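Here are the chains, one letter per residue:
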Amino acid sequence: MKYVIIGNGPAAVSCIDGIRSVDPDGSITVISKEDHPAYFRPLISYYLEGKSKAENIYCRRADFYESSNCGVIHSEAVAIDTDNRSVMLKNGESIPYDRLCICTGSSPFVPPMKGLETVENKYTFLTVDDSFAIEKAITKDSRVLIIGAGLIGLKCAEGLRDRVQSVTVCDLAPRVLSSILDDECAAIVQKHLENCGIGFSLGNTADRFDGNTAMMKDGSEIGFDVLVLALGVRPNIGFFKEAGGACGRAIIVDNEMKTSVDGIFAAGDCVEQYDISFGDKRIMALLPNANLGGYTAGVNMAGGSAEFDNAVPMNSIGFWGLHMMTAGTYANDENAQMIEEKGEKSIKRFFIKNNRLVGFIIIGDVKSAGIYTNLIRTQADISAYDPDALTKNATLLPFGENYRRKTLGGVV
Amino acid sequence: MKRVTVHEEWCLGCHLCEYNCAFANSGLADMVKALKNQKITPRIHVEEDGRIHYAVSCRHCEDPICIKGCISGALQKGADGVVTIDHDKCVGCLSCMLLCPYGCITTDENETVLKCELCVKNGDIPACVQGCPNRAIVFEEVQT
């Protein structure tokens, strides 16, 4: 059996593990666009901050590919011939496959912006090479302007603060982390970040650039030395779409991580799959899902049987001591009931629908929040539990002695 | 593998496991220096509501979901089945805390992750087990 994996991130290495758990012998070829072994993408901001050493960012030990008996080709896939089951590479090679897994992740989205070509020091922030390039470009006197107050933009701001003179973040959205936080929670986070020295210009973005100046939508001007474009990402699905594969905003997969094309699987940031908290397919471009989906794909490619049937979005993110966690579905659902717990430095919002916890936002007191994530992932009926005991503190108290005997007294 | 199991019918709620854990992992020889007037960060904690008490520490799951979510490779499951944390790699993102279904992950004063490692670096029998006065915390082989 010939296995080919396009992409070389966490989903890809988990896919290799999955294949090898079933088939120790089949040949595996990884097609890697980046010139690095698989690394943990979220660490690129921690590298800038000095918390992660460059040699510590890799997903696996240095001998992983060799010990998994897996070849790596450094090139880019440009097309798939689904009839003859082969992948065409940029370097002209054609790689035959019996089973293919697409783990191509996503690329930064940069919309057309007037005068962007006049900006010399401009970067996106998605790869470790971006991190190295930004590191080269900055000095302790640099003024950094980051466009985009999402996860990528804010993590970049955190990574750079102590290494430059100033960091300003702008976003057309009126709040930070608009994809995961509501207005009130976002305001708490923004205030904390401002206290930590990050400047914001929200509900505002660069209309055009002239060299090192951004002319903003509201008429103001922001001078900068280094520009980071963190406006979001788009899944890398072009060649799969051209081959006739079914896509929504990303590659559509089922619980076995199968695509619409026979013999082709997909996992990681380039897929959309069923979100049990949402009740429909969507992109959940997050590391746990990449690992779980990649492994599932690998097992099934090798003829085993596995399902990843409880995917939900989830985020854990912190900035200088303030942590926040979100999971499931909590936005724009009038049928969900919200229970709120507010403390001095903490806010918790739980969203309940049909006696099931479907989502939460917690800022501050994040201790043991996995107990809640587990309720979402298992779609547990929570109607029998004391709501106060459930929401005030995350403990195993509400679930009864039998559950605790099984989990704390046995093997799970 | 041997695991720490908790038997809540025997738990007195004395919290000694927390102190013994903090002392064993302090690296200090003197219990007074390790604990007195110190903010302790044990890897086991007692949950209670007045009637019920029991201790919670890492279950060393067969298929640990904390590892699937670890963004830095700091959490690993060894060949011995023990789930360990590499403090040089941990960046304190707390993804493991977001994923652990049992609430077993905690943090130290530097906000990197602490979790029970079955005292593999401290001796043969975990300190929480050794110090439990009523055998509510036991180190034993458990059938799957």
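All of these numbers come straight from a predicted model, not from anything done at the bench.

A few words now on the overall build of chain B. Helix and strand content of chain B: 5 helices and 8 strands. Order of helices (α) and strands (β) in chain B, N terminus to C terminus: β-α-α-β-β-α-β-β-α-β-β-α-β. In summary, chain B has a C-alpha radius of gyration of 15 Å against a globular reference of 15 Å for 144 residues, a match within 12%. For the C-alpha atoms alone, the extent of chain B along its principal axes is close to 40 × 40 × 30 Å. Buried residues in chain B amount to 48% of all 144 residues.

Scanning chain A for helices and strands turns up 11 helices and 26 strands. Relative to its length of 412 residues, chain A is compact, with a C-alpha radius of gyration of 23 Å against a globular reference of 22 Å. Judged by the C-alpha coordinates and their principal axes, chain A covers about 60 × 60 × 40 Å. Taking all contacts inside chain A whose residues are at least 6 apart in sequence as the whole, residues at least 24 apart take part in 62%.

This part covers unusual backbone geometry. We note that Asn355(A) has phi near 65°; this positive angle belongs to a residue other than glycine. Positive phi outside glycine occurs at Asn37(B), with the angle close to 60°. Relative to the helices and strands, Asn37(B) is located in the loop between α2 (31-35) and β2 (45-48).

Residue and element names in this part refer to chain A. What the 5 strands build is an open sheet, ordered β3-β2-β1-β7-β19; its pairing is parallel. Two strands bound the open sheet, and with one partner strand each, they are β3 (70-74) and β19 (264-266). Strand-to-strand, the axes of this sheet are offset by a mean angle of 20°, without reference to chain direction. Where strand β1 (residues 2-6) meets strand β7 (residues 99-102), 4 bridges bridge the pair, whose relative direction is parallel. Within the sheet, the bridge partner assigned to Val-4 lies in β7 and is Leu-100. Across the face of the sheet, helix α1 (residues 10-22) comes into contact with β1, β2 (27-32), β3 and β7 while running at roughly 165° to β1.

We now examine the sheet that holds strand β5 (residues 86-89) of chain A. All names here are of chain A. Pairing in this open sheet of 3 strands is antiparallel, and the strands run β4-β5-β6 from one edge to the other. The two strands at the open ends of the sheet, each matched to only one other strand, are β4 (77-81) and β6 (94-96). Neighbouring strand axes in the sheet, compared pairwise and without regard to direction, differ in orientation by 25° on average. The pairing of β4 with β5 spans 4 bridges and is antiparallel. Opposite Asp-81, over in β5, you have Ser-86 as the bridge partner.

Taken together, the 39 residues of chain A in the interface contact 35 residues of chain B. Counting only elements with at least two residues in the side of chain A that touches chain B, the list comes to α2 (43-49), α8 (287-301), β22 (314-319), β23 (322-328), α9 (370-378) and α11 (400-408) of chain A. Residue classes in the side of chain A that touches chain B are distributed as 21 nonpolar, 15 polar and 3 charged.

What follows covers the pairing of strand β13 (residues 206-210) of chain A. All names here are of chain A. When β13 meets strand β14 (residues 213-216), the two strands line up antiparallel, connected through 4 bridges. Among the inter-strand pairings, Ala-206 is bridged to a residue of β14, identified as Met-216. The turn linking β13 back onto β14 is made up of 2 residues, and Gly-211 within it adopts a positive phi angle of 60°.

Residues and elements named next belong to chain A. At a closest axis distance of 6 Å, the pairing of α1 and α8 adopts a crossing angle of 35°. As for how α1 packs across α8, the hand of that crossing is right-handed. Contacts from Pro-10, Ala-11, Ala-12, Ser-14, Cys-15, Ile-16, Asp-17, Gly-18, Ile-19, Ser-21 and Val-22 of α1 reach α8 at Leu-287, Ala-290, Asn-291, Gly-293, Gly-294, Tyr-295, Thr-296, Ala-297, Gly-298, Val-299 and Met-301. Within the contact of α1 with α8, the residues separate by chemical class into 13 nonpolar, 8 polar and 1 charged.

Let us look at α8(A). Here α8(A) contains 15 residues, and its C-alpha end-to-end distance of 21 Å stays within 8% of the 21 Å for a straight helix at 1.5 Å per residue. Counting buried positions along α8(A) yields 15 of 15 residues, so the element is predominantly enclosed.

Attention now moves to the environment of Ile382(A). Residues and elements named next belong to chain A. Tracing the chain through its elements places Ile-382 in the loop between α9 and α10 (387-392). Classification of Ile-382 as partly exposed rests on a count of 17 C-beta atoms within 10 Å. Residues Ile-382 and Ile-347, 35 residues apart in the sequence, show an inter-C-alpha distance of 21 Å. The contacts of Ile-382, once residues within four sequence positions are left out, are Asn-355, Arg-356, Leu-357, Leu-375 and Leu-390.

Residues and elements named next belong to chain A. One finds Ile-5, Cys-15, Cys-101, Val-228 and Ala-267 to be the most contacted residues of the largest nonpolar core, which totals 164 residues. The dominant element in this core, judged by the number of residues it contributes, is α8, at 7 residues. Ignoring any residue separated from it by four or fewer positions in sequence, one finds Cys-101 in contact with Ile-5, Cys-15, Phe-265, Ala-266, Ala-267, Ala-297 and Met-301.

To continue, consider the domain arrangement of chain B. All names here are of chain B. Splitting chain B by domain gives domain 1 (1-57 + 122-144) and domain 2 (60-115). Here the C-alpha centre of domain 2 lies 19 Å away from the C-alpha centre of domain 1. Here the residues of the side of domain 1 that touches domain 2 are counted per class, giving 2 nonpolar, 2 polar and 2 charged.

On to the domain arrangement of chain A. Domain annotation of chain A identifies domain 1 (2-107 + 234-301), domain 2 (116-231) and domain 3 (323-408). Distance between the C-alpha centres of domain 1 of chain A and domain 3 of chain A: 32 Å.

Residues and elements named next belong to chain A. With 5 of 7 residues buried, strand β25 (residues 347-353) is to be regarded as a mostly interior element. Judged from the 6 bridges that link them, strand β24 (residues 337-342) and β25 form a sheet pairing that is antiparallel. Counterpart to Glu-340 in the pairing with β25 is Arg-349. The hairpin formed by β24 and β25 contains 4 residues between the paired strands. As judged from the 7 bridges shared by β25 and strand β26 (residues 356-363), these two strands associate in the antiparallel manner. From the neighbouring strand, Lys-353 faces β26, where its bridge partner is Arg-356. From the end of β25 to the start of β26, which pair antiparallel, there are 2 residues, and Asn-354 there has a positive phi angle of about 50°.

Rules and cut-offs
- Residues numbered from 1 in each chain as written.
- Chains lettered and ligands numbered in written order.
- Predicted model: local features only at pLDDT ≥ 70, side-chain atom pairs only at ≥ 80, totals over all residues.
- Helix = DSSP H or I, 4+ residues; strand = E, 2+ residues; numbered from the N terminus.
- Rg over C-alpha atoms; globule rule 2.2 N^0.38 Å.
- Buried ≥ 20, exposed ≤ 12 C-beta atoms within 10 Å, placed from the backbone.
- Contact = placed C-beta atoms within 7 Å.
- Pairing = 2+ DSSP bridges.
- Axes fitted to C-alpha atoms, helices over the stretch in contact; angles between N-to-C directions.
- Nonpolar A, V, L, I, M, F, W, Y, C, P; charged D, E, K, R; others polar.
- Left-handed = near helix turned anticlockwise from the far one by under 90°.
- Expected span 1.5 Å × (residues − 1).
- Core = buried A, V, L, I, M, F, W, Y, C linked by C-beta atoms within 7 Å.
- Domains from an automatic or database assignment.

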